[in-house]
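# Descriptive analysis of the structure
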Number of protein chains: 2
Amino acid sequence: MRFMTKHTTASSCSSETRDRTPRPGPGRPRAFDEDQVLDAALQVFWTNGFEATSLDDLTSAMGLSRSSFYAAFGSKQGVLMAVLRNYSASALRQLDELTRLPREEAPMAMLEAISLPKEGPRGCMLVNCIAELAPHHAEVAEIGRTHLQRIEDLFAKALDPQDPERARDKARALSALAIGTLTLRKSGLPPDQIAHALAAARGIVAP
Amino acid sequence: MRFMTKHTTASSCSSETRDRTPRPGPGRPRAFDEDQVLDAALQVFWTNGFEATSLDDLTSAMGLSRSSFYAAFGSKQGVLMAVLRNYSASALRQLDELTRLPREEAPMAMLEAISLPKEGPRGCMLVNCIAELAPHHAEVAEIGRTHLQRIEDLFAKALDPQDPERARDKARALSALAIGTLTLRKSGLPPDQIAHALAAARGIVAP
DNA sequence: CCAATTATGGACCAAGCGGTCCAGATAACT
DNA sequence: AGTTATCTGGACCGCTTGGTCCATAATTGG
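Predicted model only: the values in this text are computed from it and were never measured.

Here is what the cut-offs are and how they apply
Residues numbered from 1 in each chain as written. Chains lettered and ligands numbered in written order. Predicted model: local features only at pLDDT ≥ 70, side-chain atom pairs only at ≥ 80, totals over all residues. Heavy atoms only, no water. Helix = DSSP H or I, 4+ residues; strand = E, 2+ residues; numbered from the N terminus. Buried < 20%, exposed > 50% of the residue type's maximum accessible area, 1.4 Å probe, protein only. Contact = heavy atoms within 4.5 Å. Areas by Shrake-Rupley, 256 points an atom, 1.4 Å probe, with all protein chains shown as cover. Axes fitted to C-alpha atoms, helices over the stretch in contact; angles between N-to-C directions. Parallel < 35°, antiparallel > 145°, perpendicular 65-115°, else oblique. Nonpolar A, V, L, I, M, F, W, Y, C, P; charged D, E, K, R; others polar. Buried area = accessible area lost by both parts, 1.4 Å probe. Salt bridge = Lys/Arg side-chain N within 4 Å of Asp/Glu carboxyl O. Polar contact = N/O pair within 3.5 Å; in protein donor to acceptor, adjacent residues only side chain to side chain. Expected span 1.5 Å × (residues − 1). Phe/Tyr/Trp six-rings, centres within 6.5 Å; stacked < 30°, edge-to-face > 60°. Lys NZ or Arg CZ within 6 Å of the ring centre and 35° of its normal. Core = buried A, V, L, I, M, F, W, Y, C linked by side-chain atoms within 4.5 Å. Domains from an automatic or database assignment.

Let us now look at the overall build of chain A. In terms of regular secondary structure, chain A is built from ten helices and zero strands. From first element to last, N terminus to C terminus, chain A shows the α and β order α-α-α-α-α-α-α-α-α-α. With 207 residues in all, chain A has 49% of them scored as buried. In chain A, of all internal contacts separated by at least 6 residues, the share reaching a separation of at least 24 is 65%. Carbon and sulfur atoms provide 53% of the accessible area of chain A, an area that totals close to 10,400 Å².

See below:
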């Protein structure tokens, strides 16, 4: 895929996922739950990557016919964007809860939450997409950038609840560290060795 | 592409790049320089990713006809593997030179060399490939794992030339940190902010 | 100069791709 | 019940993909 097939219906080009959750009225209602279907799509994208996921992979995992798929999401990119927005929101929600831990525990807990997910070595969906698509796809880049920014904000809040700005650089370092471990994990490094590495980075957390 | 098209000529499946540098003798000699051509391939893969690079992209960048291409490298994967081996060796060579700096400078110099390459935000070619392919391609995973292992070794050597083993975990943390910044960079974070983050991580380097 | 051997360009291929479209089924509202 | 709006399955489309093949050009050793 090279983005922009020659016959995309004119109209606006960017974030227009034509996912107008159809207000009730006459007409047959949707037979699928949107969140559920988007989660199925997430799983496929997550394990295969974007380019390597075909429409058939998607529709069969989501249990949708091609026409329902296109009516609801507009395109392969469209569903990706929807998936990413969902994913980002839910991931940030989970992390945010950890910032409420006491200040001595919060940063390390967040690190571990990111670096050692129990789901296995699939990495962070958004980080994967940044790696694969960001350089050539502005919208993905945008979502990715603000997602990482939020993560950094949360680290800063955890490091220094009084004045997060003071901890900006350390927060950035912790973000980088966490994200980096995902690649190590993906390359085969076992979880316990990653845990050791995190512990060795305690120096960053200390005031 | 899903790896393994139905009609790959039987034979062994894995690392057999049939790149028998043809010993001189009768017959027309190659009209291209292999390293040069591989470097061209590297550039294309690096900026596009593997799946998103087509045979036409490759052959035209390399200046090869399809037949020469297949005669020399066997397949798209084949040339990728050759490229990765070259890349890994040269990247490690560059890093290794930095380990010879005085111990107070070496680790930070290595960090900066990885995190702030002047070539722009394309990341590390091998890290990109791990993200995109490792989960489904054992050979790439293998190369990636040993590459990261070597980087870790170099960090350990820089941190504690006497007994690198003592610095294992810190070295791992530094690797993760360096690799993580590549994603931040790719998502749009400007270089100077990355430099600040690295400085904030000095705590890891200290004994 | 000839034979042997290899490289080269380009035509060619089947399969898979993302995306479109339509005929018919289905359900809500009047 | 009838109308209207929507959903659904699957046939279909043109294009691109990775890969093959062959006739021809080029270069060497004898």
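There is more to say after this.
Residues and elements named next belong to chain B. Where helix α4 (residues 76-98) contacts helix α6 (residues 125-133), the axes come no closer than 10 Å and their chain directions differ by 140 degrees. For the element pair α4 / α6, the angle class is oblique. Side by side, α4 and α6 meet where Leu-80, Val-83, Leu-84, Tyr-87 and Ser-88 of the first sit next to Met-125, Leu-126, Cys-129 and Leu-133 of the second. Partitioned by chemical class, the residues of the contact of α4 with α6 number eight nonpolar, one polar and no charged.

Put simply, an interface is often sized by how much accessible area is lost when its parts join up. If you look at the interface, chain A gives 38 residues, while chain B gives 38 residues. When the two sides are added together, the surface that chain A and chain B hide from each other amounts to roughly 3,300 Å², 66% of it contributed by carbon and sulfur. The three residues of chain A that bury the most area against chain B are Arg172(A), Lys186(A) and Ser187(A), which together make up 16% of that side's buried surface. Summed over the shared surface of chain A and chain B, the number is zero salt bridges. Between chain A and chain B we count six residue pairs in polar contact (both at pLDDT 80 or more) in total. Listed by contribution, the elements that provide at least two residues to the side of chain A that touches chain B are α1 (34-48), α6 (125-133), α7 (138-159), α8 (168-186), α9 (191-200) and α10 (202-205) of chain A. In terms of residue count, α8(A) provides more of the side of chain A that touches chain B than any other element does, twelve residues in total. Looking at side-chain class alone, the side of chain A that touches chain B contains 18 nonpolar, twelve polar and eight charged residues.

This next bit is on α1(A). Residue and element names in this part refer to chain A. Compared with the 21 Å implied by 1.5 Å per residue over 15 residues, the 21 Å span of α1 between its first and last C-alpha is a close match. Within α1, the full set of buried residues consists of Val-37, Leu-38, Ala-40, Ala-41, Leu-42, Val-44, Phe-45 and Trp-46. Considering only its buried residues, α1 is in contact with α2 (55-62), α3 (66-73), α4 (76-98) and α6.

Within this structure, the stated rule accounts for eight aromatic pairs over all chains. Measuring from ring centre to ring centre gives 5.4 Å for Trp46(B) and Tyr87(B), while their planes differ by 85 degrees; the resulting arrangement is edge-to-face. Highlighted residues: Trp46(B) in helix α1 (residues 34-48) and Tyr87(B) in helix α4, separated in sequence by 41 residues. Here Trp46(B) and Tyr87(B) have matching classes, each one buried. The structure contains a cluster of three or more aromatic residues connected by ring pairs, namely Phe69(A), Tyr70(A) and Phe73(A). Over the ring of Phe50(B) we find Lys76(B), and its NZ or CZ is 4.4 Å from the ring centre. The ring centre of Trp46(B) lies 4.0 Å from the NZ or CZ of Arg122(B), which sits over that ring.

Core analysis: the biggest nonpolar cluster contains 127 residues, and Met62(A), Leu80(A), Met125(A), Met62(B), Leu80(B) and Met125(B) have the highest contact counts within it. Counting only domains with at least three residues in this core, you end up with domain 1 (34-76) and domain 2 (85-205) of chain B.

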